[in-house]
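# A structural walkthrough
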Amino acid sequence: MKAIVKFFVWAAFACWPLYSGAAVEMTVVTPSGVVAFTVEEQWQVLSMQPTLPIAAAVFQLPNQADEGTADSTNLILQLYDLKSPEALQALQKVGQVFGAAKPKEEVFKGWVLYRQDSVQDGTAYSVIDAKQRLKTVAASVRLAWPHLKNNPAAYDAQMVEALHKVLLSVQERVGPWRPESGAVIRRPEQ
């Protein structure tokens with residue numbers, strides 16, 4: 001089955017305080033239905049792998065503080081086929097330890113979150129991994145952002161809020177997929 005990713009501007013979605021644009025709903029077609037989620041239209045799509053056993057979408061979030069640096073704020077959403085040993089093995093790695101301390105674990109609206117700090121090329125980062133089993137697949141989301149001297153004062157809180165909005169937007173609908181009126185359909189090149 002060829003997966004389809006749908007880009008649909010959902011004007012009714014409330015704008016996030018960090019950004020001023022509309023949200024974009026993305027839909028990944030799975031063998032059992034579809035998984036939809038929303039991101040800000042300003043988020044740059046770095047990579048899209050829409051087929052299971054592990055589908056993934058990688059985004060870079062804009063931050064003026066990281067311009068001209070090797071650092072960036074990134075969000076990765078992955079879907080896992082629960083019938084695939086490869087996917088189940090990858091899902092078990094969500095929340096793995098990066099530094100010396102074990103991640104702080106908490107629950108948010110059915111998602112298990114793992115918070116930790118890490119260092120990449122000398123820059124301190126905050127990393128939050130989240131995972132949840134949906135109806136026929138599992139999903140994970142990772143948000144990682146650098147601690148830069150020019151970050152906005154409330155950047156950490158804004159990142160947590162942005163992550164929560166993405167997590168709340170993830171929905172699986174089981175059954176045949178039918179395109180919505182006005183949707184723009186794009187098939188990423190493999």
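Up top you'll find the structure we're talking about.
The shown structure was predicted, so the numbers you read here are calculated from the model rather than taken from an experiment.

### Some remarks on the packing of aromatic side chains
What the rule picks out here adds up to two aromatic pairs. Considering the side-chain rings of Phe37 and Phe59, the 6.4 Å spacing of their centres and the 75° angle between planes classify their relative orientation as edge-to-face. Here the residue Phe37 occupies a position in strand E3 (residues 33–40), and Phe59 occupies one in strand E5 (residues 54–61), the gap between them amounting to 22 residues. Note on Phe37: relative accessible area 2%, which makes it buried.

### Here's the deal with helix H2 (residues 155–169)
Its 15 residues give H2 an end-to-end C-alpha distance of 21 Å, which sits within 8% of 21 Å, the value for a rise of 1.5 Å per residue. For H2, the full list of buried residues reads Tyr155, Met159, Val160, Ala162, Leu163, His164, Val166, Leu167 and Ser169.

### With respect to the nonpolar core
Core analysis: the biggest nonpolar cluster contains 34 residues, and Phe37 and Leu75 have the highest contact counts within it. Mapped by element, the contributors of at least two residues to this core are strand E2 (23–30), E3, E5, strand E6 (73–81), strand E8 (111–120), strand E9 (123–133), strand E10 (137–146) and H2. Those residues in contact with Phe37 that sit more than four places away from it in its chain are Val24, Glu25, Met26, Val28, Ala57, Phe59, Leu77, Ser169 and Val170. Formed by seven residues, the second largest nonpolar core is a distinct cluster that contains Ile54, Leu82, Ala87 and Leu91.

### A look at the pairing of E2
Most of E2 is tucked away, with eight of its eight residues classed as buried. By the alternation rule, side chains of E2 split into Ala23, Glu25, Thr27 and Val29 and Val24, Met26, Val28 and Thr30, which are all buried. In terms of strand pairing, E2 meets E3 through eight bridges, oriented antiparallel. Bridge assignment links Thr27 to a residue of E3, and that residue is Ala36. Here E2 hands over to E3 after two residues, the two strands then running antiparallel side by side.

### Re the environment of Val107
Within the secondary structure, Val107 is located in strand E7 (residues 104–108). According to the relative accessible area criterion, Val107 is exposed, its value standing at 63%. Separated by 24 residues in the primary sequence, Val107 and Lys131 have C-alpha atoms spaced 9.7 Å apart.

### What to know about the environment of Leu113
Looking at the element boundaries, Leu113 is found in strand E8. Residue class for Leu113 comes out buried when judged on its relative accessible area of 0%. For the pair Leu113 and Val94, spaced 19 residues apart in sequence, the C-alpha to C-alpha distance is 9.4 Å.

### Points about the sheet that holds E8
Sheet architecture is open: seven strands sit in the order E4-E5-E6-E10-E9-E8-E7, paired in antiparallel fashion. Every other strand in the sheet has two partners, leaving strand E4 (44–49) and E7 as the edge strands with one partner each. On average, adjacent strands in this sheet sit at an angle of 20° to one another, irrespective of strand direction. By the bridge criterion, five bridges tie E4 to E5 in an arrangement that is antiparallel. Across the sheet, the residue bridging to Ser47 is Val58, located in E5. Sheet contacts for helix H1 (residues 85–92): E5, E6, E9 and E10; angle to E6, the most-contacted strand, approximately 140°. Sheet contacts for H2: E5, E6, E7, E8, E9 and E10; angle to E10, the most-contacted strand, approximately 165°.

### So, the layout of surface pockets
Taken as a whole, the largest pocket holds about 220 Å³ of empty space. Taken together, 13 residues make up the lining of the largest pocket; nearest its centre are Gln120, Tyr125, Val127, Arg142 and Ala144. Broken down by secondary-structure element, the contributors of at least two residues to the lining of the largest pocket are E6, E8, E9 and E10. Among the residues forming the lining of the largest pocket, the class breakdown is eight nonpolar, four polar and one charged.

Calculation rules
- Residues numbered from 1 in each chain as written.
- Predicted model: local features only at pLDDT ≥ 70, side-chain atom pairs only at ≥ 80, totals over all residues.
- Heavy atoms only, no water.
- Phe/Tyr/Trp six-rings, centres within 6.5 Å; stacked < 30°, edge-to-face > 60°.
- Helix = DSSP H or I, 4+ residues; strand = E, 2+ residues; numbered from the N terminus.
- Buried < 20%, exposed > 50% of the residue type's maximum accessible area, 1.4 Å probe, protein only.
- Expected span 1.5 Å × (residues − 1).
- Core = buried A, V, L, I, M, F, W, Y, C linked by side-chain atoms within 4.5 Å.
- Contact = heavy atoms within 4.5 Å.
- Pairing = 2+ DSSP bridges.
- Axes fitted to C-alpha atoms, helices over the stretch in contact; angles between N-to-C directions.
- 1 Å grid on protein atoms, 1.4 Å probe; cavity = no way out; pocket = protein on both sides within 12 Å on 5 of 7 lines; lining within 4 Å.
- Points joined across faces, edges and corners; volume = space filled by probe spheres on them.
- Nonpolar A, V, L, I, M, F, W, Y, C, P; charged D, E, K, R; others polar.

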